[in-house]
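Structural features, examined
So the chains spell out like this:
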Amino acid sequence: MPRSRTVDLRWNALLNDFRRSGLTQAEFCRRRQISLPSFRKHLYSPRPSQPTSRDVRPSADADPLFLPVTIRHEPTPSITASPSHLELILSNGRRIAVAPGFDPQTLRRLITILEGSPCSD
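Please read these numbers as outputs of a predicted model, since none were measured by experiment.

Here we take up the packing of helix H2 (residues 25-32) against helix H3 (residues 36-44). Contact pair H2 / H3: the axes reach a minimum separation of 10 Å and the direction vectors enclose 120°. One element, H2, and the other, H3, form an angle in the oblique class. Of the two possible hands of crossing, H2 and H3 adopt the one that is right-handed. Residues Gln25, Ala26, Phe28 and Cys29 of H2 lie in contact with H3, whose contacting residues are Leu36, Phe39, Arg40, Leu43 and Tyr44. Residues of the contact of H2 with H3, tallied by class, amount to 7 nonpolar, 1 polar and 1 charged.

Structure follows, in structure tokens:
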């Protein structure tokens, strides 16, 4: 495989990772040790398979490129529901699933640890 194709595939994978990460561009680049200007160059450059805006002129009667979106809210669990398990979502996005019969003191210590200093990548 030619070197430029390999590099393109690596950048595409990095950009996909960034889009899923929920991080800012600067934070993502810092964690991955990537140059922010280089990252932005690849992020904002048109993909080879996509025509640039100069190549395609939309007609006046062209259908819009928007798709309908339906947002469904997850039902809020009832307090009276059988306590099969609990799931905590912490402020940093971490999730903790707790089974019935858990030790509350251990859970408090775990939350304190997780809400404290972040783990290094």
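Anyway, onward from the coordinates.
A word on the pattern of salt bridges. Scanning all chains against the criterion turns up 4 salt bridges. Here Asp17 makes a salt bridge to Arg20, at a shortest N to O gap of 2.7 Å. Taken as a pair, Asp17 and Arg20 lie in helix H1 (residues 3-21) at a separation of 3 residues, close to a single helical turn. With its nearest N and O atoms 2.6 Å apart, the salt bridge here joins Glu27 to Arg30.

This brings us to H2. For H2, the set of buried residues is Gln25, Phe28 and Cys29. For H2, the angular spread of buried residues about the axis comes to 95°, placing them on one side. Gln33 occupies a position one or two residues after H2 and carries a positive phi of about 55°.

So, on to the nonpolar core. In this structure, Trp11, Leu14, Leu15, Phe18, Phe28, Cys29, Ile34, Phe39 and Leu43 together form the largest nonpolar core, which totals 9 residues. Going through the elements one at a time, H1, H2 and H3 are the ones with two or more residues in this core. Apart from residues lying up to four places away in sequence, Trp11 is in contact with Ile34, Ser38, Phe39 and His42.

So, how was this worked out
- Residues numbered from 1 in each chain as written.
- Predicted model: local features only at pLDDT ≥ 70, side-chain atom pairs only at ≥ 80, totals over all residues.
- Heavy atoms only, no water.
- Axes fitted to C-alpha atoms, helices over the stretch in contact; angles between N-to-C directions.
- Helix = DSSP H or I, 4+ residues; strand = E, 2+ residues; numbered from the N terminus.
- Parallel < 35°, antiparallel > 145°, perpendicular 65-115°, else oblique.
- Left-handed = near helix turned anticlockwise from the far one by under 90°.
- Contact = heavy atoms within 4.5 Å.
- Nonpolar A, V, L, I, M, F, W, Y, C, P; charged D, E, K, R; others polar.
- Salt bridge = Lys/Arg side-chain N within 4 Å of Asp/Glu carboxyl O.
- Buried < 20%, exposed > 50% of the residue type's maximum accessible area, 1.4 Å probe, protein only.
- Arc of directions from axis to C-beta.
- Core = buried A, V, L, I, M, F, W, Y, C linked by side-chain atoms within 4.5 Å.

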